[in-house]
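Working through the structure, step by step
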Amino acid sequence: MSALARLQQCGGRALRARAAFAASHIVRHQSNRNGDSEDCNQLLKHLVMKIKATGPLTVAEYMKEVLTNPIKGYYMHHDMLGEHGDFITSPEISQVFGELIGVWCISEWMSGGKSKSLKLVELGPGKGSLMDDILRVFSQFQHLLNSCDISVHLVEVSPKLSEIQATKLTGSIIETKYDDDSSAYKNGVTKCGLPISWYHDVQDVPEGYTFFIAHEFFDALPIHKLQKTSDGWREMLIDIDPEIPHKLRFVLGSSNSILATLIQADEQRDHVELSPNAAVIIQKLASQINTFGGAALIADYGHSGDKTDTFRGFRAHRLHNVLVDPGTADLTADVDFSFLKSMIGNTVASLGPITQQDFLKNMGIDLRMKVLLENNKDVKTQHHLIESYDVLMNPCKMGQRFKFFSMFPHSRMESIRGSSIVAGFSELQFS
């Protein structure tokens, strides 16, 4: 078994991703969380007992417990999205965001040769807003897509969010069912007549020509934190504070030779965050794209291997101590796109990362906004459109913070070298 496979085995199944970004215009408030203190104490007690029994936890183990513990995990029962939740995402801010992603999919389907079948896969689909906007664009271009067999596949671990997604995308409640003949736990038909299925893991999604969409997914996958010392790379762990019962703290653990193999030989930082789960998933996507064709579009806040400590929590649109009240706040870390690129190697070609501001501008958001403002004379509606545009594009808000990264078969890149470019990306960056 490879080192990466062993790490994945320890890390468990991939978590769904949720990221957090508090736009400055959103009214800050504390959510009414009746029972949170009691719930938090139960999860904290569980974590303390686990540490006493087996020793300090890795940050990855801690994230997995806090986010997806079946009883008290943050993602398992919370409706955490929106103004009254803990964070808000681009699709909830403006439908224009999802519409442009839909246009991107159609553009790449056409440029890629108009495949006769297309699996549209979204990893961590939130409330279903992004997919709903994408499918609305697909319906508007039905004359182009009527020769293509399209199906929708959602990777979602949260029972609560899968219910919200089903209602939004199909207009009805879909019961969870487990069938030995199917890897999906929900099946239905979208409001526009396309088959739709839900899965707990991307590994369960049927293979074929696929467009993978991952918006704020990779940031919530479990990470390991490693610190460079005079004795080499040592892992940061989470332990019990000996001075204060039931209080957690970070401690420096022993060296981790398996994790160290994932660190680049020319690494200049003295602190790195690594996600074996992200490595396994990005390799899965790259392998499938290379074998069957398609593309992947990844949008998340992240960096190109120049940041160190980005692990943080968000609750009610505010930063929250990651070790306090576990299970009541989202945990997240910036995506290291240089790490993702190193994991895919030469399997596929990649573009980016580029900023959200650049991607949306290249996709024609300014023209779309001009049309919307001309067609909506209501002052309140116009104000909302302008405000939403500012949140998405302003460099001090989401414009620079969020990045777009894409993967394609090498054949797709070779066909456009020296001529046109991939939609949304102003300049080709071959890997």
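Note that this is a predicted model, so its numbers are computed, not measured.

Turning next to the overall build of the protein chain. When its secondary structure is counted, the protein chain shows 16 helices and 17 strands. The proportion of buried residues among the 431 residues of the protein chain is 57%. Surface accessibility of the protein chain: about 18,200 Å² in total, with carbon and sulfur atoms responsible for 50%.

Core analysis: the biggest nonpolar cluster contains 58 residues, and I101, W104, L120, F138, F359, F404 and F425 have the highest contact counts within it. Here the element with the most residues in this core is helix α6 (residues 95–111); it accounts for eight residues. Discounting chain neighbours no more than four positions away, the residues touching F138 are G102, C105, I106, L118, L120, L145 and I150. V121, L123, V202 and M407 belong to the second-largest nonpolar core, a separate cluster that totals 37 residues.

In the contact formed by α6 and helix α7 (residues 129–140), the axes pass within 7 Å of each other and the chain directions differ by 55 degrees. Here α6 lies oblique to α7, going by the angle between them. The element α6 and its partner α7 pack so that their crossing is right-handed. Seen from α6, the contacting residues are Q95, F97, G98, E99, I101, G102, V103, C105 and I106; seen from α7, they are L130, D133, I134, R136, V137 and F138. Of the residues that constitute the contact of α6 with α7, the class distribution is nine nonpolar, three polar and three charged.

Right, let's get into unusual backbone geometry. Note that the residue after G352, namely P353, is joined by a cis bond; omega there is 10 degrees. Although it is not a glycine, E216 sits at a positive phi angle of roughly 55 degrees. You can see E216 is positioned in the loop between β6 (210–215) and β7 (224–229).

In this section: the side chain of D334. The residue D334 is located in the loop between β14 (330–332) and β15 (335–336) in this model. Judged by relative accessible area, which is 8%, D334 ranks as buried. Of the polar contacts made by the side chain of D334, one reaches the side chain of K307; its length is 3.1 Å. Apart from residues no more than four positions distant in its own chain, D334 is found in contact with Y301, G302, H303, K307, T310, R312 and R401.

Once that is clear, we can look at the packing of helix α14 (residues 365–375) against helix α15 (residues 379–393). The N-to-C vectors of α14 and α15 enclose an angle of 170 degrees; their axes lie 10 Å apart at closest approach. With respect to α15, the element α14 is oriented roughly antiparallel. Contacts between α14 and α15 involve I365, D366, M369, L372 and L373 from the former and Q382, L385, I386, Y389, L392 and M393 from the latter.

So, on to the sheet that holds strand β13 (residues 318–320). Spatial ordering of the open sheet is given by β13-β12-β14, a layout of three strands whose pairing is antiparallel. The sheet is open, and its two edges are formed by β13 and β14, each paired on a single side. For this sheet, the mean inter-axis angle between neighbouring strands, taken without regard to orientation, is 40 degrees. Bridge analysis of strand β12 (residues 312–315) against β13 gives three bridges, and the strand direction is antiparallel. Following the sheet pairing, G313 is matched in β13 by H320.

Attention now moves to the pairing of strand β10 (residues 271–274). Side chains H271 and E273 project from β10 onto one buried face, and the interleaved V272 and L274 project onto a second face that is buried too. Where β7 lies against β10, four bridges are found, and the strand directions are antiparallel. Across the sheet, H224 pairs through a bridge with L274, a residue of β10.

Our focus in this paragraph is α15. Relative to the 21 Å expected for 15 residues at 1.5 Å per residue, α15 spans 21 Å between its end C-alpha atoms, a close match to the ideal helical length. By the burial criterion, the buried members of α15 are L385, S388, V391, L392 and M393. Buried-residue contacts for α15 involve α5 (90–93), α6, α13 (356–362) and α14. Two or three places before K380, at the opening of α15, D378 has a side-chain oxygen 3.3 Å from that residue's backbone nitrogen.

The subject of this paragraph is the pattern of salt bridges. All told, the structure shown has 16 salt bridges when counted by the stated rule. The partner of K225 in a salt bridge is E273, with the nearest N and O atoms 2.8 Å apart. Of this pair, K225 sits in strand β7 while E273 sits in strand β10, and the two are 48 residues apart along the sequence. You can call E273 buried: its relative accessible area is 9%.

Bringing helix α9 (residues 159–170) into the picture now. With 12 residues, α9 should cover 16 Å at 1.5 Å per step; its first-to-last C-alpha distance of 16 Å lies within 8% of that length. Buried within α9 are the following residues: L161, S162, Q165, A166, L169 and T170. Projected down its long axis, α9 carries its buried residues within an arc of 140 degrees, all on one side. Where α9 is buried, its residues touch α7, β3 (149–155), β4 (186–189) and β5 (195–199). Phi for G171, located one or two positions after α9, is positive at around 80 degrees.

Cut-off values and rules
- All residue numbers refer to position in the chain's written sequence, counted from 1.
- Thresholds applied to this predicted model are a pLDDT of at least 70 for local features of residues and 80 or more for the giving and counting of side-chain atom pairs; totals over whole chains, interfaces and linings are not thresholded and use all residues.
- The side-chain numbers reported here are obtained from all heavy atoms of the structure, hydrogens and water having been left aside.
- Only DSSP runs of H or I with at least four residues qualify as helices, and only runs of E with at least two residues qualify as strands; both kinds are numbered from the N terminus onward.
- A simple rule labels every residue: compare its accessible area, found with a 1.4 Å probe on the protein chains alone, to the largest value its type can have, and call it buried under 20%, exposed over 50%, or partly exposed in between.
- For the accessible areas, the method is Shrake-Rupley and the probe is 1.4 Å, while residue cover comes only from the protein chains on display.
- In plain words, nonpolar cores are sets of buried Ala, Val, Leu, Ile, Met, Phe, Trp, Tyr and Cys residues tied together by side-chain atoms within 4.5 Å.
- Only heavy atoms matter for contacts: two residues are in contact if any of them lie within 4.5 Å across the pair.
- Throughout, an axis means a line fitted to C-alpha atoms (over the contacting stretch in the case of helices), and angles, computed between N-to-C directions, take values from 0 to 180 degrees.
- We call two directions roughly parallel when the angle between them is under 35 degrees, roughly antiparallel when it is over 145, roughly perpendicular when it lies between 65 and 115, and oblique otherwise.
- Less than a right angle of anticlockwise turn of the near helix away from the far helix marks a crossing as left-handed, whereas a clockwise turn marks it as right-handed.
- All amino acids are sorted into three groups, where Ala, Val, Leu, Ile, Met, Phe, Trp, Tyr, Cys and Pro are nonpolar, Asp, Glu, Lys and Arg are charged, and the leftover types, Gly among them, are polar.
- In protein, a polar contact means a hydrogen-donor-capable atom and an acceptor-capable atom, both N or O and within 3.5 Å, with residues adjacent in sequence counting only if both atoms are side-chain atoms; elsewhere, any N or O pair within 3.5 Å suffices.
- Each pair of strands is called paired provided DSSP finds at least two bridges between the two strands.
- Helix span is expected to be 1.5 Å times the residue number reduced by one.
- The working definition used for a salt bridge is a side-chain nitrogen of Lys or Arg within 4 Å of a carboxyl oxygen of Asp or Glu.
- This arc corresponds to the set of directions leading from the helix axis out to the C-beta atoms.

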